[in-house]
Amino acid sequence: MRELISHPDFARLHPTGSHPERTERLSALQGAFPAFHEARPATREQIEACHDPSYVEHVRTTSASGHTRQLDPDTICTPSSYELALLGAGAAIEAVERCAFALGRPPGHHALSDRAMGFCLFNSIAIAARFAQRELGMTRIAILDWDVHHGNGTQELFWHDRSVLFASIHQWPFYPGTGGPGEGNETTINVPLNAGSGDEQYVEVMERLIEPAIMAFQPELLLISCGYDAALGDPLGGMRVTRAGFRELAERASELAPRLAVLLEGGYKIDTLPALVGATLEGLAASDTGGGRAETP
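Figured I'd write up the structure that's included with this text.

Cut-offs and rules
Residues numbered from 1 in each chain as written. Predicted model: local features only at pLDDT ≥ 70, side-chain atom pairs only at ≥ 80, totals over all residues. Heavy atoms only, no water. Helix = DSSP H or I, 4+ residues; strand = E, 2+ residues; numbered from the N terminus. Buried < 20%, exposed > 50% of the residue type's maximum accessible area, 1.4 Å probe, protein only. Pairing = 2+ DSSP bridges. Arc of directions from axis to C-beta. Contact = heavy atoms within 4.5 Å. Axes fitted to C-alpha atoms, helices over the stretch in contact; angles between N-to-C directions. Parallel < 35°, antiparallel > 145°, perpendicular 65-115°, else oblique. Left-handed = near helix turned anticlockwise from the far one by under 90°.

**A closer look at unusual backbone geometry**
Phase 1: Omega for the peptide link from Trp 172 to Pro 173 comes to -5 degrees, which places this bond in the cis form.
Phase 2: At the junction of Tyr 175 and Pro 176, the peptide bond is cis and its omega measures out at 5 degrees in the coordinates.
Phase 3: Note on placement: Pro 176 falls in the loop between strand E7 (164-171) and strand E8 (188-193).
Phase 4: Even without a glycine there, the phi angle at His 14 is positive, about 55 degrees.
Phase 5: Mapped onto the elements, His 14 comes out in the loop between strand E1 (4-6) and helix H1 (23-32).

Next up, the structure:
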C-alpha cells in the first residue's frame, strides 16, 4: 500500500456543518485507514509561490476574525480554516517528498491565484508542484485531474508555464464552466465528457489521449488531483465511475512517471469514499516499480 499522509486536524478543524465538504469526509477515511504519517503545515512562502500575498493575508485575517464567513457562494472560511488550509498544502508537499497519497481537506483545484472558489482556499496541488520545482529541482511536472469538476484554478496557474503539463477529465457542461471542447494549449489538455460517463469512457480517454500526452511530455513527477465525485452515486456529480474504474485509472497513472503523488480533491458520498480510496491504493500498488515507469512513446 502506498504511504498515506494525513492529520487528525483534518477531521476536526474547518467545521462546515452540513456543507458537502465537511469534517466527516476525513473522519471516515481516517477510520478506514488509521495508519498515516502526520502532515506538517506549509509555510506562507510556499503558499505564496502560487497565491498573491494579499489574498493569503485576506484568508488569514478573515479566519483570525473569529467569525465564519463566505469567501464565495460555495466556500466557507471559519476561525480554523487558514490553519487547516496550510496543513492541506503541507500534506500535498509531503506527498511529493514521500511519493505518497495525501488525505486532506479542503480540496484545492478551483482556488485561483487571488481568490477562493468552489470549496477551495489554497491550490494544494499547484503549491506541491512549485515545491517540487523550487526545492527539489524538478523541471518537468505533469498534473492529472480526474475530479468531476474541471480544475480551473490549476489550469489558470500553469496556463503560460510550459514546464507543467495539466490534463483534466471532467463532466461537461458543468461547474465551473471551464474546460470545454477546444479549450487548451500546448501543455493544457482538457477532456470534457458527457454526464453519465463511466469506467469505459474514462479508461478509453486515458488510453487514447491522456497517457500518450503525459508520456510524450516525460515528466519527472506526476501529481494526481484525485476527486471521487465522478463516482456512481456522488451527490454533486453526474458520472458513473465505479470502484473498479478508479482502480484501473490509478494503475494506469502509476506507469506514467518515475515519481507519483496523489492528493484527495472532491468526493462527497461519505459511506463509499473509503472503498474508493482503497481501490485507488490497490491500483497504485499494482505497479511494483515504486511509482511507475516513464517511457518514450
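**Considering the pairing of strand E6 (residues 141-145)**
Moving residue by residue along a regular strand, the side chains alternate between the two faces of the sheet.
Phase 1: With 5 of 5 residues buried, E6 is to be regarded as a mostly interior element.
Phase 2: In E6, alternate side chains face the same way, and those of Ile 141, Ile 143 and Asp 145 on one face and Ala 142 and Leu 144 on the other are all buried.
Phase 3: Pairing of E6 with E7, which is carried by 5 bridges, proceeds in the parallel orientation. Looking across to E7, one finds that Ile 141 is bridged to Val 164.
Phase 4: Pairing between E6 and strand E9 (residues 221-226): 5 bridges, direction parallel.

**With respect to H1**
Phase 1: Every buried residue belonging to H1 is among Thr 23, Arg 25, Leu 26, Leu 29 and Gln 30, and all of these are buried. An end-on view of H1 places all buried positions within 155 degrees of arc, on one side of the element.
Phase 2: Taken together, the buried residues of H1 touch E1, strand E10 (260-264) and helix H9 (273-285).

**Structural notes on the packing of helix H7 (residues 199-217) against helix H8 (residues 243-253)**
Phase 1: Contact geometry for H7 and H8: axes closest at 9 Å, N-to-C directions at 10 degrees. Comparing the axis directions of H7 and H8 gives the class roughly parallel. Judged by the twist between their axes, the crossing of H7 over H8 is right-handed. Only Ala 244, Gly 245, Glu 248, Leu 249, Arg 252 and Ala 253 of H8 make contact with H7, whose side of the interface consists of Asp 199, Tyr 202, Val 203, Met 206, Glu 207 and Glu 211.

Purely geometric stuff here, so don't read any function into it on its own.
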